[in-house]
Amino acid sequence: MSNDEANHRIALLAFPDLEVPVDKGHTAGLHHTAFEYPEFHSWIVNYKRLKRFGLEPFVCLDHGMTMSMYYQDPEGTGVKIQVDAFGDWSKSISWMYFSSEFGENPIGHHFDPQQILEAYESGMSQEEVHARARKREF
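Below, the structure is looked at part by part. (Residues numbered from 1 in each chain as written. Predicted model: local features only at pLDDT ≥ 70, side-chain atom pairs only at ≥ 80, totals over all residues. Heavy atoms only, no water.)

The next thing to look at is the overall build of the protein chain. Secondary structure assignment for the protein chain yields five helices and five strands. Reading the protein chain from its N terminus to its C terminus gives the helix and strand order β-α-β-β-β-α-α-β-α-α. Looking at the protein chain as a whole, 34% of its 138 residues qualify as buried. Expressed as a percentage of contacts within the protein chain between residues at least 6 apart in sequence, the contacts between residues at least 24 apart total 57%. (Helix = DSSP H or I, 4+ residues; strand = E, 2+ residues; numbered from the N terminus. Buried < 20%, exposed > 50% of the residue type's maximum accessible area, 1.4 Å probe, protein only. Contact = heavy atoms within 4.5 Å.)

This is how it looks when you write it as C-alpha cells:
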C-alpha cells in the first residue's frame, strides 16, 4: 500500500503457520499503523463517517503535536487516525523537541471525540479545540 507516489510504503504479509497473539495490544509485534489526515476538518469528519458505520475509537489522545484516534482492525491490530495539531509539521516538530509539556508527558491526554466534533460543528476553530483538549476540557 502507498499514500504517495511510491510503489509501496507498507507491505502486509500472512503466513499459514503464524499464531494469533493472546493480548495483541500488549505483546510483541505490530502495535498500530498510523494514517494522518492533511487537515482537521477531514480528520473529524472521518470520525463522524466511521461512527455512522458503528466504528468507534477505543482510545483518543491529544499527544500535543497530533490529535489521534485509535481503532482496532478485525484482528486486533491498532489503526491510528491522526491530524497534525498545529497544521504545520515544522511547528509540531519544534513543539515536540522544545516543549517542556511534551518532555513531561509524551503520551498526552485523553479526549472524547464526540465532544470534539460537537465543539467544531458549533463553530470552534481547530486551534480552540486543540487548546481546550490540552486543558482536558473534552
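Grouped together as the largest cluster of nonpolar side chains are 20 residues, with contacts concentrated most on Trp-43, Met-67 and Ile-116. Elements that contribute at least two residues to this core include exactly helix 1 (40-52), strand 3 (66-72), strand 4 (78-84), helix 4 (113-121) and helix 5 (126-134). It is helix 1 that provides the largest number of residues to this core, a total of five residues. Not counting residues up to four positions away in its chain, the partners in contact with Ile-116 are Phe-40, Trp-43, Ile-44, Met-67, Phe-111, Val-129, Ala-133 and Phe-138. (Core = buried A, V, L, I, M, F, W, Y, C linked by side-chain atoms within 4.5 Å.)

Most of strand 4 sits out of view: six of its seven residues are buried. Sheet topology note: the strand 1 (residues 32-37)/strand 4 ladder contains six bridges and is parallel. Its bridge partner lying in strand 4, Ala-34 is registered against Lys-80. For strand 3 and strand 4, the ladder comprises seven bridges, and the chain directions are antiparallel. Bridge pairing in strand 4 places Gln-72 opposite Gly-78. Counted along the chain from strand 3 to the antiparallel partner strand 4, the turn is five residues long, and its residue Gly-76 has a positive phi close to 95 degrees. (Pairing = 2+ DSSP bridges.)

Quick look at the packing of aromatic side chains now. With the rule as written, the count across this model stands at seven aromatic pairs. Aromatic pair Phe-86 and Trp-95: ring centres 6.0 Å apart, planes at 45 degrees, arrangement tilted. You can call Phe-86 partly exposed: its relative accessible area is 28%. Ring plane angle 90 degrees and centroid distance 6.5 Å describe the contact between Tyr-97 and Phe-98, whose orientation is recorded as edge-to-face. Each member of the pair, Tyr-97 as well as Phe-98, carries the same accessibility label: exposed. Ring pairing ties together the aromatic residues Phe-40, Trp-43, Phe-111 and Tyr-120, which thus form one cluster. (Phe/Tyr/Trp six-rings, centres within 6.5 Å; stacked < 30°, edge-to-face > 60°.)

Glancing now at the sheet that holds strand 1. Spatial ordering of the open sheet is given by 1-4-3-2-5, a layout of five strands whose pairing is mixed. Unpaired on one side and paired on the other, strand 1 and strand 5 (109-110) mark the two borders of the sheet. Each of strand 1, strand 3 and strand 4 is contacted by helix 1, which is oriented at about 25 degrees to strand 3, the strand it contacts most. (Axes fitted to C-alpha atoms, helices over the stretch in contact; angles between N-to-C directions.)

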